[in-house]
Amino acid sequence: MQTRVLTGITTTGTPHLGNYVGAIRPAIAASRRDEVDAFYFMADYHALIKSDDPARIERSRLEIAATWLAAGLDPERVTFYRQSDIPEIPELTWFLTCVTAKGLLNRAHAYKAAVDKNVAEGEDADAGITAGLYMYPVLMAADILAFNAHQVPVGRDQIQHIEMARDIAQRFNHIYGRDFFVLPEALIEEQVATLPGLDGRKMSKSYDNTIPLFAAGAKGMREAILRIVTDSRLPGEPKDPDSSALFTIFRAFASEAESQAFRTALEEGIGWGEAKQVLFERIETDVAPMRARYDELMAKPAQIEAILQEGARKARAIAVPLIAELRDAIGLRSGEAVAVAAPVAASVPKAEKPPRFASFRDGDGRFRFRLFSGDGEELLLSQPFDDPKAAGALQKRLRTLGGASAVVQTLADGTMLELDGVAVARLETGPGTDAADLALERLRHALDQLAAQD
């Protein structure tokens, strides 16, 4: 079974060498793994939160699509699309908005940081903060849940957004009584490569210290590399490779043997000007073929558009049926369907919702599950498990065996549910009470219902 991995691509600004090494190159390499069903989308709705310049938004979308394709992203192998070409995403955003607690959004890091900055400057807490920034986590949840992605590669600063997507999905599943959504996992990018910029700080558009990847051509790249700040050591004087931005950037493109040769040249006193030329030539070896493809794509925007439209078609083949299922679940069926169903519904008692399990990861990173009755009452909260497969296997056994599996062990401080000699869950009601007997009866009834479904 393939793992669906979904990656959002920011569509503001022009890609630079740091973007290529830290994000584009590793993501494209990951997309080539057979076990991965890769989705890549340009997050142009998100870009509207940061920019109100239409020309910049339009130009950036084109440049970034061309960059990823030129760098080797294979649209035949992956699903590559623009967020704004999937109308189901804003529709799902509204569905999720209606079940998302305001308090959850109040705790979002970006919103809290903006509020804290306003307060520190003596402004109104919400001065200059748009609803777009406030609702960003819900739109991100819709991006993920529209395709039921299993994993989302993110840096540590984005983990909260994945946790919020899980919370929102769980709440929707609970309210409407079915597991419509897969609960996504954050795929933490621990080893993200970062390059120093022209001034030695991290290469970033925020610092205006970037080396353009394609947009400035070979001449512009060379001129930028010649502006990298170095120390005052003259030709012939040994240089320290480990404190040199030139060596750090060179190593990101070179083989081990090439890196060792460049290190030796620096230690033996190569001049900074000559070292910068060596760096340019090494980068240009990799970048020149990609730049040629980039220029070709930028000259034929219709070719890019065709690729993105085909990606949108593939993406919507998944999103459209899901949204139709959700519309039916929440009562937004077509009028024709309602009219046909109404006479039947009037004469048939409303069916009892089935019980269901809900799995989650707790604050300690261990795995647990709950069992809810059809009316939403929590009947069971499992013990924590280190292995998600162990938790899943116990769920399956409980579902298969039904109420007969609810073997309890009376303890001094409560009642423990056991299965095959393994402690599954502690029941909250005390032993030997009417409440305990009733809770156990409800639990067994729910397990019998699940067994009957299977």
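Please read these numbers as outputs of a predicted model, since none were measured by experiment.

A.B. asks: Please explain the overall build of the protein as it appears in this structure.
C.D. replies: Across its full length, the protein holds 16 helices and 11 strands. The buried share among the 454 residues of the protein stands at 43%. When the accessible surface of the protein is summed, it comes to about 23,000 Å², and 52% of that surface belongs to carbon and sulfur atoms.

A.B. asks: Help me understand the sheet that holds strand E8 (residues 378–381) in this model?
C.D. replies: Backbone hydrogen bonds hold the strands of a sheet together, and the pairing may be parallel or antiparallel. On the basis of which strands lie adjacent, the open sheet formed by three strands has the order E6-E7-E8 and antiparallel pairing. Looking at which strands have only one partner, the edges of the open sheet turn out to be strand E6 (356–361) and E8. Strand-to-strand twist in this sheet, taken as the mean axis angle between neighbours without regard to direction, amounts to 25°. Relative to E8, strand E7 (residues 367–372) runs antiparallel, the two being bridged by three bridges. Across the sheet, Leu-371 pairs through a bridge with Leu-380, a residue of E8. The strands touched by helix H8 (residues 159–176) within the sheet are E6 and E7, with E6 carrying the most contacts at an inclination of about 170°.

A.B. asks: Any chance you could explain the packing of aromatic side chains here in plain terms?
C.D. replies: For any two aromatic rings, the description comes down to two numbers: the centre-to-centre distance and the angle of the planes. Summed over the entire model, instances satisfying the criterion amount to 14 aromatic pairs. Aromatic side chains Tyr-111 and Tyr-134 sit 4.8 Å apart centroid to centroid with 75° between the ring planes, which places their arrangement in the edge-to-face category. Within this pair, whereas Tyr-111 is found in helix H6 (residues 109–120), its partner Tyr-134 is found in helix H7 (residues 131–145), the two being separated by 23 residues in sequence. Ring centres 6.3 Å apart and planes at 20° place the aromatic pair Phe-247 and Phe-262 in the stacked group. A residue pair is termed long-range when its members are at least 10 positions apart, and Phe-247 in helix H10 (residues 245–251) and Phe-262 in helix H11 (residues 256–267) qualify at 15 residues. Across the pair, Phe-262 and Phe-247 agree in class, each one buried. A network of ring pairs unites the aromatic residues Phe-39, Phe-41, Tyr-81 and Phe-147 as a single cluster. Stacked on the ring of Phe-253, the Lys or Arg Arg-25 has its end atom at 5.7 Å from the ring centre. Lying over the aromatic face of Tyr-207, Arg-201 brings its terminal NZ or CZ to 4.1 Å of the ring centre.

A.B. asks: Whenever I open this one, the packing of helix H4 (residues 88–97) against helix H13 (residues 301–330) confuses me. Can you help?
C.D. replies: Pairs of packed helices are described in terms of their axes, by the angle between the two and the distance that separates them. Interhelical geometry of H4 versus H13 gives an angle of 30° and a closest axis separation of 10 Å. The angle between H4 and H13 places the two elements in the roughly parallel class. As H4 runs across H13, the sense of the crossing is left-handed. On the side of H4, the interface is formed by Glu-88, Glu-91, Leu-92 and Phe-95, while H13 contributes Arg-316, Ala-319, Val-320, Ile-323, Leu-326, Arg-327 and Ile-330. Counted by class, the contact of H4 with H13 contains seven nonpolar, no polar and four charged residues.

A.B. asks: I'm lost on the environment of Val-422 in this one. Help?
C.D. replies: Inspection of the secondary structure puts Val-422 in strand E11 (residues 422–427). Residue classification places Val-422 among the partly exposed residues on the basis of a relative accessible area of 37%. Along the backbone, Val-422 and Leu-394 are 28 residues apart, and their C-alpha atoms lie at a distance of 9.1 Å. Once you skip the residues sitting within four places of it in the chain, Val-422 turns out to touch Leu-394 and Leu-417.

A.B. asks: Just checking my understanding: could you explain the nonpolar core for this structure?
C.D. replies: Note on soluble globular proteins: their nonpolar side chains tend to be buried together. By size, the foremost hydrophobic cluster in this structure holds 56 residues, and its most contacted members are Leu-17, Tyr-40, Trp-68, Phe-80, Ile-211, Ile-228 and Ile-283. The element best represented in this core is helix H12 (residues 272–299), accounting for 10 residues. Sequence-distant contacts of Ile-211, defined by excluding residues within four places in its chain, comprise His-16, Leu-17, Leu-198, Met-203, Met-221, Ala-224, Ile-225, Ile-228 and Ile-249. Counting 46 residues, the second largest nonpolar core, distinct from the first, contains Tyr-81, Leu-92, Val-115 and Met-140.

A.B. asks: Explanation requested: the side chain of His-16 in the structure shown.
C.D. replies: Take His-16: it is sitting in the loop between strand E1 (3–10) and helix H1 (17–31). Residue classification places His-16 among the buried positions, given a relative accessible area of 3%.

A.B. asks: Can you walk me through the confidence of the model for the protein in this structure?
C.D. replies: Caution applies to low-pLDDT parts of the model: their predicted coordinates are not meant to be read in detail. Averaged over every residue, the pLDDT of the protein is 87; residues scoring 70 or more account for 89%. Predicted confidence is poor over residues 337–350, with pLDDT under 50, and the contacts of this stretch with residues over four places away or in other chains come to two contacts.

Rules used in this analysis
Note on numbering: residues in each chain are counted from 1, in written sequence order. Totals for whole chains, interfaces and linings use every residue, but because this is a predicted model, local features are given only for residues with pLDDT of at least 70 and side-chain atom pairs only at 80 or more, for both listing and counting. Calculation of side-chain values draws on the structure's entire complement of heavy atoms; hydrogens and water are dropped beforehand. Runs of H or I in DSSP of at least four residues are treated as helices and runs of E of at least two as strands, each being numbered from the N terminus. Buried means the residue's accessible area, taken with a 1.4 Å probe over protein chains only, is under 20% of the maximum for its type, while exposed means over 50%, and partly exposed covers the values in between. All accessibility values rest on the Shrake-Rupley procedure with a 1.4 Å probe; residue burial counts only the protein chains present in the view. The rule for pairing is simple: two strands pair if DSSP sees at least two bridges between them. Fitting a line to C-alpha atoms yields each axis, with helices limited to the stretch in contact; the angle taken between N-to-C directions then spans 0 to 180 degrees. By definition, residues are in contact when any of their heavy atoms lie within 4.5 Å. Between the rings of Phe, Tyr and Trp (Trp by its six-membered ring), a pair exists once the centres lie within 6.5 Å; its type follows the angle of the planes, with under 30 degrees stacked, over 60 edge-to-face, and the other angles tilted. Counted as over-ring charges are cases with an Arg CZ or a Lys NZ within 6 Å of the ring centre that also lie within 35 degrees of the ring normal. To sort the angles, those under 35 degrees are grouped as roughly parallel, those over 145 as roughly antiparallel, those from 65 to 115 as roughly perpendicular, and the leftovers as oblique. We call a crossing left-handed when the near helix sits turned anticlockwise from the far one by less than a right angle, and right-handed when that turn is clockwise. Under this grouping Gly is polar, as are all residues other than the nonpolar Ala, Val, Leu, Ile, Met, Phe, Trp, Tyr, Cys and Pro and the charged Asp, Glu, Lys and Arg. Nine residue types can take part in a nonpolar core, namely buried Ala, Val, Leu, Ile, Met, Phe, Trp, Tyr and Cys, and a core is a set of them joined through side-chain atoms within 4.5 Å. The predictor rates its confidence in each residue with pLDDT, a number between 0 and 100.

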